[in-house]
Amino acid sequence: MSGTVGAVSSNGVYSFTKPNRESIRLLAGLGVEGDVHAGVTVKHRSRVRQDPTQPNLRQVHLIHEELFDEVRMAGFEVAAGQLGENVTTRGIDLLSLPRGTRLRLGDEAVVEVTGLRNPCAQIDGFAKGLLKQVIERDEDGRPRFKAGIMGIVVTGGVVRPGDPVGTELPAGPHVPLERV
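I will try to describe carefully the structure that is included in this document. Since the model is a prediction, treat every value here as computed from it, not as a measurement.

A look at the overall build of the protein
Looking only at helices and strands, one finds 4 helices and 13 strands in the protein. On C-alpha atoms alone, the protein measures out to a radius of gyration of 15 Å, which is about the 16 Å that the 2.2 N^0.38 rule sets for 180 residues. Each principal axis of the C-alpha distribution contributes one length, and for the protein these read about 35 × 35 × 35 Å. Every one of the 180 residues in the protein was classed for burial, and the buried ones make up 45%.

Digging into the nonpolar core
In terms of nonpolar packing, the biggest core is built from 24 residues, with Leu26, Val60, Leu62, Leu103, Leu105, Ile149 and Val159 touching the most fellow members. The element that contributes the greatest number of residues to this core is strand S8 (residues 109-116), accounting for 4 residues.

Digging into the pairing of strand S1 (residues 2-9)
As paired strands, S1 and strand S13 (residues 164-168) are joined by 3 bridges and run antiparallel to one another. Bridge pairing links Gly3 to Val165 in S13. In this structure, S1 lies alongside strand S6 (residues 87-90), joined through 4 bridges in antiparallel fashion. The residue bridging Val5 from the neighbouring strand is Thr89, located in S6.

What to know about the packing of aromatic side chains
Applying the stated criterion across every chain yields a total of 1 aromatic pair. Taken together, a centroid distance of 6.1 Å and an interplanar angle of 40° make the contact between Phe16 and Phe126 tilted. In this pair, Phe16 sits in the loop between S1 and strand S2 (20-21) while Phe126 sits in helix H3 (residues 122-126), placing the two residues 110 residues apart along the sequence. Its guanidinium or amino end placed over the ring of Tyr14, Arg45 lies 4.0 Å from that ring's centre, counting from NZ or CZ.

Notes on the pattern of salt bridges
As enumerated under the stated definition, the model contains 13 salt bridges in all. For Lys146, the salt bridge goes to Glu136, with nearest N and O atoms at 3.3 Å. Within this pair, whereas Lys146 is found in the loop between strand S10 (143-145) and strand S11 (149-155), its partner Glu136 is found in strand S9 (residues 135-137), the two being separated by 10 residues in sequence. For Arg142, the salt bridge goes to Asp138, with nearest N and O atoms at 3.1 Å. Overall, Asp138 belongs to the partly exposed group, its relative accessible area being 23%. Overlapping salt bridges bring together Glu65, Glu66, Asp69, Arg72, Glu77 and Arg90 as one network.

Definitions and limits used
- Here, residues in each chain are numbered from 1, in the same order as that chain's written sequence.
- Reporting in this predicted model follows two pLDDT cut-offs: at least 70 for local features of residues, and 80 or more for side-chain atom pairs to be given and counted; totals over whole chains, interfaces and linings ignore these cut-offs and use all residues.
- Water and hydrogen atoms were dropped before computing side-chain values, which therefore reflect all heavy atoms in the structure.
- In DSSP terms, a helix is any run of H or I states spanning at least four residues, a strand is any run of E spanning at least two, and both are numbered starting from the N terminus.
- Between the two quantities, the radius of gyration covers C-alpha atoms and the globule rule is 2.2 Å times the number of residues to the power 0.38.
- Burial classes: relative accessible area under 20% of the type maximum marks a residue as buried, over 50% as exposed, and values in between as partly exposed (1.4 Å probe, protein chains only).
- To qualify as a nonpolar core, a set must consist of buried Ala, Val, Leu, Ile, Met, Phe, Trp, Tyr and Cys residues joined through side-chain atoms within 4.5 Å.
- For two strands to count as paired, DSSP must find a minimum of two bridges between them.
- Two rings from Phe, Tyr or Trp (for Trp, the six-membered ring) form a pair when their centres sit within 6.5 Å of each other. Planes less than 30 degrees apart are called stacked, planes more than 60 degrees apart edge-to-face, and all others tilted.
- Throughout this description, the term charge over a ring refers to an Arg CZ or Lys NZ atom that lies within 6 Å of the ring centre and within 35 degrees of the ring normal.
- Salt bridge, as used here, is a side-chain nitrogen of Lys or Arg placed within 4 Å of a carboxyl oxygen of Asp or Glu.

None of this, on its own, says anything about what the molecule does.
Following this line, the structure appears as structure tokens:
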């Protein structure tokens with residue numbers, strides 16, 4: 001499975017959206033250089049309140065651009081970076097990847113997938129009703145989160161729009177993604 005990077009985004013201050021950039025630099029073990037969520041330990045405010053010493057399994061947030069196409073059909077206009085992601089991809093079903101998948105972004109960077117983004121109420125602050133669009137229910141009523149995936153940086157490097165994205169699945173058995 002392969003795809004491309006549609007956009008890259010970062011923000012040095014806490015804000016729901018992240019401005020698009022010409023490039024971002026991923027730093028091994030930390031995340032996106034200059035991004036407020038970079039670090040060895042958790043940086044998301046809700047997680048810091050719970051336990052600031054937790055390892056940061058949410059160093060990089062990736063969203064599939066196809067989600068924007070899907071929510072547009074429901075009347076919502078969302079562009080790259082507006083849901084707080086660092087990397088917007090096209091052509092890869094991110095949500096179906098197993099935990100531990102390694103994504104090669106561009107020539108050097110490698111991100112290991114840790115889990116699903118847990119969509120929060122801030123999404124409705126961005127656009128009322130959008131939260132319901134990014135959380136589906138399966139036939140048993142269990143939530144299915146569609147607002148992207150999270151990962152840690154294994155190998156650093158520069159990532160730009162148009163860069164290829166390759167996948168390397170972990171050795172089996174594959175473990176489905178859960179929220180992190």
